[in-house]
Every structure is written in C-alpha cells, then in structure tokens.
Amino acid sequence: MSKENLNEAYLQVVRNKGAEGIDGMKYTELKEHLETNGELIREQLRTRKYKPQPVRRVEIPKPDGGIRNLGVPTVTDRFVQQAIAQILTPIYEEQFHEHSYGFRPNRCAQQAIQKALDMLNDGYDWIVDIDLAKFFDTVNHDKLITIIQRTIKDGDVISIIRKFLASGIMVDDEYKESIIGTPQGGNLSPLLANIMLNELDKEMEKRGLNFVRYADDCIIMVGSEMSARRVMRNITKFIEEKLGLKVNMTKSKIVKPNGLKYLGFGMYYDKIAKQYKAKPHEGSVEKFKKKMKELTTRSWRSE
C-alpha cells in the first residue's frame, strides 16, 4: 500500500497500455481516476472491501486453429494486480528454479533454448515434450492458494488474490463464474502460473531430471527412449494427481531433437561442429512471412 509501490504500479500499467476492461475505462484515464478515487481504493484494500470487476473475455485465434481465451481486467484492477505482483515477485524469485525462464525478470526464451541445447549436447537427446491442456483455464484455486499460503502469511494479500481468481468473466454482456483458472491477460497471472508450476520444477529437480520450462511449456531431456517413456508416465501422473492440472496427451510426445519445435525454434545437428544447434522453426518462419506479406501488401492509396 506504500505510495512508492502504488506509483510504480500506476506507471507500469500505463507503460503496458492495453485494452479497456468491462467498464470501458482507457489506461489514459487511470491518472484522473486515481487522483479522485485513490484514497478510497487504498481504504477498500485495507479493509478487504475492494471488489474486483469480472474480466472481459477476448478470443484470440491460435495458429493451430484453436482459440486462446484472454481475460482483460479493468485498468483499476490491473493497477491493483501490478501493485501485488511488484511485492510478491522478489519474494518468489528466491524460490523459483534456475531452469524456469518464462515471465521472469531478466530472463527470456533464448536463454531457455540455450539451456536446452547444453543438455542435448551433454547426451540427453531424448525429449519428453509435455503439453498442459489450457493451463490458465484449469488452475485449481484452492491448490494455488494453499501453495501461496506456505510463503505469504498476510491474510489481506491472500484475500485479494482469491477475489481476483474468483472475479468472474463477462462474455457478450453475460456473467460467468470463474470457479477454476487464472485469467490469461492479468498482471498477476504469469506470477501465479509460475508459483503453481514451481511445484513441478521442484519435483523434477528431486528426481534429478534435466528440464527447461518457459511458463507452461516444459521439455525434459533424458538419455534413452526407455527413460523418456518412464518420465512421461510419472510426470504426467504428478501433474494430474498432485497439481490437479490436465496433460494434453494428443499433443504431448517423445521426440528426438530434429522432431522438436520449442518456443518457435527447431533443433538440428551440425555435423561440422558436431553439436546440436537451434534455428527458427520453419512453421515460425512461415508465420512471420505471412504476417509480413499481410502488412506490406495492403493497398496504399496514392494522394
């Protein structure tokens, strides 16, 4: 609730820009809104009276033909979520695994690819590629809150996080409850996802597995096909039984490096250098070309 933290949260929300939530307030209007209502919002948070608005459901088409559901919180809710995330992130950064790269400060997909290449070149060239089915839509609130409570002992913080999880969704002016899931699109969701999946990281570490995780994209590298099958079986069981998440068995697979697409990259063996290297996957290249074509072939009207 400190002035410094709230001010930084405001600046970050404005930097992020983003669409309006269900109340139609634009990020450019947040300053004026906080000048008028800032003290009231702080008081509501202090007394557990703050009530998050439902998120606005936006459907984004996925390249494979499916649909990704994004939830757009109101600008005020994004501001409050950001204020929470700024305090919790440094606490959890100390707990997170070094092989987790998604949505973390000073970490990126390229580092994840480099780490995967190091493991492949150490001889762990059977890959267990686990696909979590609609991860953000299936997170169990009680399990997540239980995990958070191990570290965060402040009841007010727990209370507001639970409210955000259960704030509901607006789809075409119709309200739907959010009994499970954390809306993909909120400022707090990436951190909550990492808190949940850090449990998976700890389990893989305990089993001595080589893995790389970027948000809900996880690959495990082992030395033989037999090990890969065992790991696929055991880790799937852990994810489903202990974390209450769902593994998409049609998309999860065991592959050799040349059959892998990870974070937009493909792997290939360089015979001259005698090692595995990464290059943009042909599917990603095609997608990029298609996008460039769309952007550059629109008819320009000559004045």
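Structural data are supplied above this passage.
Please read all numbers here as calculations on a predicted model, not as lab measurements.

On to the nonpolar core, then. By size, the foremost hydrophobic cluster in this structure holds 58 residues, and its most contacted members are F79, F135, I148, I161, I195, I220 and I235. The residues touching I148, leaving out its near neighbours within four places in the chain, are Y92, I158, I161, L192 and I195.

To continue, consider the pattern of salt bridges. Summed over the entire model, instances satisfying the criterion amount to 19 salt bridges. In this structure, the salt-bridge partner of D201 is R213, at a minimum N-O distance of 2.8 Å. Within this pair, whereas D201 is found in helix α8 (residues 189-206), its partner R213 is found in strand β6 (residues 210-214), the two being separated by twelve residues in sequence. Residue class for R213 comes out buried when judged on its relative accessible area of 1%. Salt bridges sharing common partners tie together R150, E199 and K202.

Let us now look at the packing of helix α3 (residues 75-93) against helix α7 (residues 155-165). Helix-helix packing is characterised by the crossing angle of the two axes and by the distance between the axes. Where α3 contacts α7, the two axes come as close as 12 Å, and the packing angle between them is 135°. Comparing their axes, α7 and α3 come out oblique. In this structure, α3 meets α7 at a crossing whose hand is left-handed. Residue-level contacts link D77, V80, Q81, I84 and L88 of α3 to V157, I160, I161 and F164 of α7. Split by residue class, the contact of α3 with α7 holds seven nonpolar, one polar and one charged.

If you check α8, its first and last C-alpha atoms are 26 Å apart, about what 18 residues at 1.5 Å a residue would give, namely 26 Å. At L197, α8 shows its strongest bend, of approximately 30°. The buried fraction of α8 is high, at 14 of 18 residues. Looking one or two places after α8, you find G208, whose phi comes out positive at around 70°.

So, about the pairing of strand β10 (residues 265-270). Looking along a regular strand, one sees side chains alternate from face to face of the sheet. Note: strand β9 (residues 261-262) against β10, two bridges, orientation antiparallel. Along β10, the bridge assignment pairs Y262 with F265. Where β9 hands over to β10, the hairpin turn is made up of two residues, of which L263 adopts a positive phi near 55°. For β10 and strand β11 (residues 275-280), the ladder comprises six bridges, and the chain directions are antiparallel. Among the inter-strand pairings, F265 is bridged to a residue of β11, identified as P280. Hairpin connection of β10 to β11: four residues between the antiparallel strands, including K274 at a positive phi of 55°.

Think of a sheet as strands paired side by side through backbone hydrogen bonds, with each pair either parallel or antiparallel. The sheet built from three strands is open, its strands ordered β9-β10-β11 with antiparallel pairing. Both edges of this open sheet fall to β9 and β11, since each of them pairs with a single strand only. Packing against the sheet, helix α4 (residues 109-121) makes contact with β9, β10 and β11, and its axis sits at approximately 155° to β11.

The grouping of E59, D172, D173 and E174 at the surface amounts to a negative patch. The topology assignment puts E59 in strand β1 (residues 55-61). Residue E59 is classed as exposed on the basis of its relative accessible area of 51%.

Using the criterion set out here, one finds five aromatic pairs in the structure. Each ring, one from Y50 and one from F164, has its centre 6.5 Å from the other, and the planes form 50°; the classification is tilted. In this pair, Y50 sits in the loop between α2 (30-46) and β1 while F164 sits in helix α7, placing the two residues 114 residues apart along the sequence. By the burial criterion, Y50 is buried, and F164 matches it. Geometrically, the ring pair formed by F135 and F136 is edge-to-face, given 5.3 Å between the ring centres and 75° between the ring planes. Residue F135 shares its accessibility class with F136, and that shared class is buried. Positioned above the aromatic ring of Y268, the side-chain terminus of K279 is 5.2 Å from the ring centre.

Basis of the calculations
- Residues numbered from 1 in each chain as written.
- Predicted model: local features only at pLDDT ≥ 70, side-chain atom pairs only at ≥ 80, totals over all residues.
- Heavy atoms only, no water.
- Core = buried A, V, L, I, M, F, W, Y, C linked by side-chain atoms within 4.5 Å.
- Buried < 20%, exposed > 50% of the residue type's maximum accessible area, 1.4 Å probe, protein only.
- Contact = heavy atoms within 4.5 Å.
- Salt bridge = Lys/Arg side-chain N within 4 Å of Asp/Glu carboxyl O.
- Helix = DSSP H or I, 4+ residues; strand = E, 2+ residues; numbered from the N terminus.
- Axes fitted to C-alpha atoms, helices over the stretch in contact; angles between N-to-C directions.
- Parallel < 35°, antiparallel > 145°, perpendicular 65-115°, else oblique.
- Left-handed = near helix turned anticlockwise from the far one by under 90°.
- Nonpolar A, V, L, I, M, F, W, Y, C, P; charged D, E, K, R; others polar.
- Expected span 1.5 Å × (residues − 1).
- Bend = angle between axes of the 7 residues up to and from the residue.
- Pairing = 2+ DSSP bridges.
- Patch = residues over 30% accessible without salt bridge, like charges linked within 9 Å, V, L, I, M, F, W, Y side chains within 5 Å.
- Areas by Shrake-Rupley, 256 points an atom, 1.4 Å probe, with all protein chains shown as cover.
- Lys, Arg positive; Asp, Glu negative; His and termini not counted.
- Charge placed at Lys NZ, Arg CZ, Asp CG, Glu CD.
- Phe/Tyr/Trp six-rings, centres within 6.5 Å; stacked < 30°, edge-to-face > 60°.
- Lys NZ or Arg CZ within 6 Å of the ring centre and 35° of its normal.

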